[in-house]
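Each chain is listed here by its residues.
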Amino acid sequence: QVQLVESGGGLVQAGGSLRLSCAASRSIFSFNFMGWYRQAPGKRRELVAAFGTGGSTNYADSVEGRFAISRDNVKNTVFLQMNALKSEDTAVYYCAALDGITQWYWGQGTQVTVSS
């Protein structure tokens, strides 16, 4: 059983910053995909940031230039640095990983609330 544990969510004022963490129970290099999703009430879950091939990163247009995904290989942890937060960033954020081509793992989610 693979476990992904998110942390770092909370309440922050617009323009502020938060860093989310996703601690994996095994090497993050064992996954074919790792990224962050978010879901706001009444909205579909959307991909926010992810590692692409060759170490590249990909971001949703709405967060481009404000968010940054990174990783600590030793700690098996993926981060999402969120800067210049806006009220529309308010959502539950989920860490996701793909093992092979069929097995998806999800964290429990961490709430991010941005006040304005």
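Here, the structure is the one placed above.
Remember, it's a predicted structure, so these values are computed and weren't measured experimentally.

### Some remarks on the state of the cysteines
By the definition in use, this model includes 1 disulfide. Two residues, Cys22 and Cys95, share a disulfide whose sulfurs are 2.1 Å apart. Judged by the sign of its S-S torsion, about -75 degrees, the cystine formed by Cys22 and Cys95 is left-handed. You can see Cys22 sitting in strand β3 (residues 18–24) and its partner Cys95 sitting in strand β9 (residues 91–99), a full 73 residues away along the chain. A relative accessible area of 0% places Cys22 in the buried class. Overall, Cys95 belongs to the buried group, its relative accessible area being 0%.

### Observations regarding the pattern of salt bridges
Applying the stated criterion across every chain, the model contains 4 salt bridges. The shortest N-O distance in the salt bridge between Arg26 and Asp99 comes to 2.7 Å. Of this pair, Arg26 sits in the loop between β3 and β4 (33–39) while Asp99 sits in strand β9, and the two are 73 residues apart along the sequence. Judged by its relative accessible area of 27%, Arg26 is partly exposed.

### Examining the layout of surface pockets
One number sums up the size of the largest pocket: a volume of about 200 Å³. The wall of the largest pocket is formed by Ile28, Phe29, Phe31, Asn32, Phe33, Met34, Phe51, Gly52, Thr53, Gly55 and Arg71. When the residues that make up the lining of the largest pocket are grouped by side-chain class, the tally is 6 nonpolar, 4 polar and 1 charged.

### Notes on the side chain of Arg38
On the secondary structure map, Arg38 appears in strand β4. Arg38 gets classed as buried once you look at its relative accessible area, which sits at 5%. Within the structure, the side chain of Arg38 is placed 2.7 Å from the side chain of Glu46, a separation counted as a polar contact. Within the local environment of Arg38, its side chain forms a polar contact with the side chain of Asp89, the two groups lying 2.9 Å apart. When near neighbours in sequence (up to four residues on either side) are disregarded, Arg38 contacts Arg44, Arg45, Glu46, Val48, Ser62, Val63, Phe67, Glu88, Asp89, Ala91, Val92 and Tyr93.

### Comments concerning the packing of aromatic side chains
Tallied over the entire structure, the rule returns 4 aromatic pairs. Judged by centre distance (6.2 Å) and plane angle (25 degrees), the ring pair of Trp104 and Trp106 falls under stacked. Among the residues examined, Trp104 registers a relative accessible area of 34% and is labelled partly exposed. With relative accessibility at 37%, the residue Trp106 sits in the partly exposed group. Taken together, Phe33, Tyr37, Trp104 and Trp106 form an aromatic cluster joined through their ring pairs. Here Arg45 stacks its cationic end above the ring of Tyr94, 4.0 Å away from the centre of that ring. Note that Arg45 overlies the ring of Trp106, its terminal NZ or CZ placed 4.7 Å from the centroid.

Rules and cut-offs
- Residues numbered from 1 in each chain as written.
- Predicted model: local features only at pLDDT ≥ 70, side-chain atom pairs only at ≥ 80, totals over all residues.
- Heavy atoms only, no water.
- Disulfide = S-S within 2.5 Å.
- Helix = DSSP H or I, 4+ residues; strand = E, 2+ residues; numbered from the N terminus.
- Buried < 20%, exposed > 50% of the residue type's maximum accessible area, 1.4 Å probe, protein only.
- Salt bridge = Lys/Arg side-chain N within 4 Å of Asp/Glu carboxyl O.
- 1 Å grid on protein atoms, 1.4 Å probe; cavity = no way out; pocket = protein on both sides within 12 Å on 5 of 7 lines; lining within 4 Å.
- Points joined across faces, edges and corners; volume = space filled by probe spheres on them.
- Nonpolar A, V, L, I, M, F, W, Y, C, P; charged D, E, K, R; others polar.
- Polar contact = N/O pair within 3.5 Å; in protein donor to acceptor, adjacent residues only side chain to side chain.
- Contact = heavy atoms within 4.5 Å.
- Phe/Tyr/Trp six-rings, centres within 6.5 Å; stacked < 30°, edge-to-face > 60°.
- Lys NZ or Arg CZ within 6 Å of the ring centre and 35° of its normal.

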